[in-house]
Amino acid sequence: QVQLVESGGGLVQAGDSLTLSCTASGRAFSSYVAAWFRQAPGKEREFVGRITLSGESIAVADSVQGRFALTRDNDKNTVFLQMNSLKPEDTAVYYCAAGTVYGLRVSAYDYWGQGTQVTVSP
């Protein structure tokens, strides 16, 4: 059992940078694979990135490759999504997730945060 809370979203212009954070409570976050997903209006929730228990393996979706990065600080029970060179098409609600497998699909994750809105203007 783990509870996740995202923060750091906001309104930015294209080309700006933004860092989201996800803080866990309950079970130690180091016990879970962590991931970020996003969902735009009218679209399915899609994979953004995944990071393993101690950060050795990081996977990022093709759509954000080279622009987004995932890191984690298990001592603080926190994972981060560093977003650079933001584009209008990055606009979505961003969700933090935790699970015990290395999946890239929504169904692979057991716990979810409430989401934080990221809006990128042209």
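Here, the structure is the one placed above.
The shown structure was predicted, so the numbers you read here are calculated from the model rather than taken from an experiment.

J.: Lay out the packing of aromatic side chains with the relevant residues and their values.
T.: Counted according to the given criterion, the structure contains 4 aromatic pairs. Plain terms: the ring middles of tyrosine 32 and tyrosine 111 are 5.7 Å apart, the flat faces sit at 85° to each other, and that makes the pair edge-to-face. Taken together, the residues span a long stretch of sequence, with tyrosine 32 in the loop between β3 (18-26) and β4 (33-39) and tyrosine 111 in strand β10 (residues 111-112) at a distance of 79 residues. Given the relative accessible area of 7%, tyrosine 32 is considered buried. Owing to a relative accessible area of 21%, tyrosine 111 belongs among the partly exposed residues under this scheme. Arranged with centres 5.1 Å apart and planes meeting at 55°, the rings of phenylalanine 37 and tryptophan 112 form a pair that is tilted. Taken together, the residues phenylalanine 37 in strand β4 and tryptophan 112 in strand β10 connect sequence positions 75 residues apart. For phenylalanine 37, a relative accessible area of 1% puts it in the buried group. Taking relative accessible area as the criterion, tryptophan 112 reaches 25% and is therefore assigned partly exposed. Over the ring of tyrosine 95 we find arginine 45, and its NZ or CZ is 3.6 Å from the ring centre. Geometry around tryptophan 112 places arginine 45 over its ring, the cationic atom sitting 5.0 Å from the centre.

Quick notes on the rules
- Residues numbered from 1 in each chain as written.
- Predicted model: local features only at pLDDT ≥ 70, side-chain atom pairs only at ≥ 80, totals over all residues.
- Heavy atoms only, no water.
- Phe/Tyr/Trp six-rings, centres within 6.5 Å; stacked < 30°, edge-to-face > 60°.
- Helix = DSSP H or I, 4+ residues; strand = E, 2+ residues; numbered from the N terminus.
- Buried < 20%, exposed > 50% of the residue type's maximum accessible area, 1.4 Å probe, protein only.
- Lys NZ or Arg CZ within 6 Å of the ring centre and 35° of its normal.

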